[in-house]
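Listed below are the residues making up each chain.
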Amino acid sequence: MSTATGTTAPPKLSVRDLRLSYRSGRRRNLALRDVNLDVADGEFLALVGPSGCGKSTLLKIVSGLVAATAGTVAIDGQPTRGTPERVGLLFQNDALLPWRTVEDNIRFPLAIGGTPLHEQRERVKRLISAVGLDGFGAYYPRQLSGGMRKRVALARILAADPDVFLMDEPFGPLDAQTRARISADFLALWEQVGKTVVFVTHDVDEAILLADRVAVMTAGPGRVKEEFQVDIPRPRSIDDVRFSDPFRELRHRISQSLRAEFEPTDAGDGRGRLIAEL
Ligand code: ADP
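Computed from a prediction, not measured in an experiment: that's the story for all the values here.

Draft legend 1. Molecular detail of the pattern of salt bridges. Taken as a whole, this structure holds 16 salt bridges when the rule is applied. Here K12 ties to D163 by a salt bridge, and the two come within 3.5 Å at their closest N and O atoms. Residue K12 is found in the segment before β1 (13-24), and its partner D163 is found in the loop between α4 (146-160) and β7 (164-168); the two are separated by 151 residues along the sequence. Overall, K12 belongs to the buried group, its relative accessible area being 9%. By relative accessible area, which is 22% here, D163 ends up partly exposed. The partner of R16 in a salt bridge is D38, and the shortest N-O contact between them spans 2.9 Å. Of this pair, R16 sits in strand β1 while D38 sits in strand β2 (residues 27-39), and the two are 22 residues apart along the sequence.

Here you go:
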């Protein structure tokens with residue numbers, strides 16, 4: 001990435017030769033082998049790959065929840081240690097605090113960060129509105145639908161305002177319609193804030209709709225095997241792009257790349273079993 005002064009800025013997020021083996025009893029199970037990935041500042045990267053290939057593990061390492069066996073993670077060229085403050089993680093499980101209202105859940109990262117109270121209230125109000133939850137500020141998580149809870153979780157991560165958003169199938173458990181709606185709303189929000197995102201999904205359509213680039217991982221132990229640039233102009237809407245030629249062509253190429261990870265090999269390494277998952 002060249003700057004006005006002609007120097008080259010490091011990627012926002014850089015993953016180098018990342019390797020992880022989980023220990024189970026006396027055995028070690030290699031989950032990631034030599035993962036290399038760069039994500040530019042403000043880029044939206046979608047990560048797809050067969051179940052068990054190490055996508056969640058990769059996000060956990062980047063967010064500092066799990067320590068890598070080898071390799072490095074750097075943000076703005078600086079190797080990370082422990083839990084980097086500038087990284088926010090959103091899992092499938094929305095992890096809302098059940099004893100706090102919607103407002104207080106969203107306010108939580110602002111309160112921890114020491115934002116003055118009047119500013120906290122102002123920002124929470126704007127965020128509630130941005131995620132379409134006007135009027136629900138005083139509700140508790142148990143009073144909300146799955147989709148609404150996701151919206152609260154989304155507002156809370158926006159409140160934390162990390163430099164890098166790591167999202168692990170965040171809309172996974174929702175029904176198809178709710179998921180499409182929340183995905184479209186998230187896309188519109190992201191197009192305004194323009195933060196760096198790594199978004200894990202098993203849905204190729206969702207990956208293409210949202211991302212600037214789609215990285216495909218191999219079957220486990222995973223590494224990034226292929227990357228696809230998504231040259232579809234923004235703002236995007238699923239209704240506009242779904243039947244366009246570039247969308248269809250990309251979907252075909254990415255699906256082929258993924259399918260190769262499920263097919264049986266001559267080596268008889270057992271990967272053929274995964275074909276049942278397609
Ligand atoms: P994905 O997110 O792509 O489905 P994961 O990162 O969850 O894959 O898992 C990658 C591999 O690591 C799988 O073989 C899984 O069984 C294994 N694994 C994940 N978490 C643990 C753990 N805490 N202990 C041992 N093995 C694990």
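Draft legend 2. Expanded view of the UniProt feature "domain: ABC transporter" (unreviewed entry) in the protein chain. UniProt records the feature "domain: ABC transporter" (unreviewed entry) at residues 15-244, using the numbering of this structure. Helix makes up 33% of residues 15-244 and strand 27%, with an end-to-end C-alpha separation of 33 Å.

Calculation criteria
Residues numbered from 1 in each chain as written. Predicted model: local features only at pLDDT ≥ 70, side-chain atom pairs only at ≥ 80, totals over all residues. Heavy atoms only, no water. Salt bridge = Lys/Arg side-chain N within 4 Å of Asp/Glu carboxyl O. Helix = DSSP H or I, 4+ residues; strand = E, 2+ residues; numbered from the N terminus. Buried < 20%, exposed > 50% of the residue type's maximum accessible area, 1.4 Å probe, protein only. UniProt positions renumbered as here; feature names shortened; annotations may be inferred.

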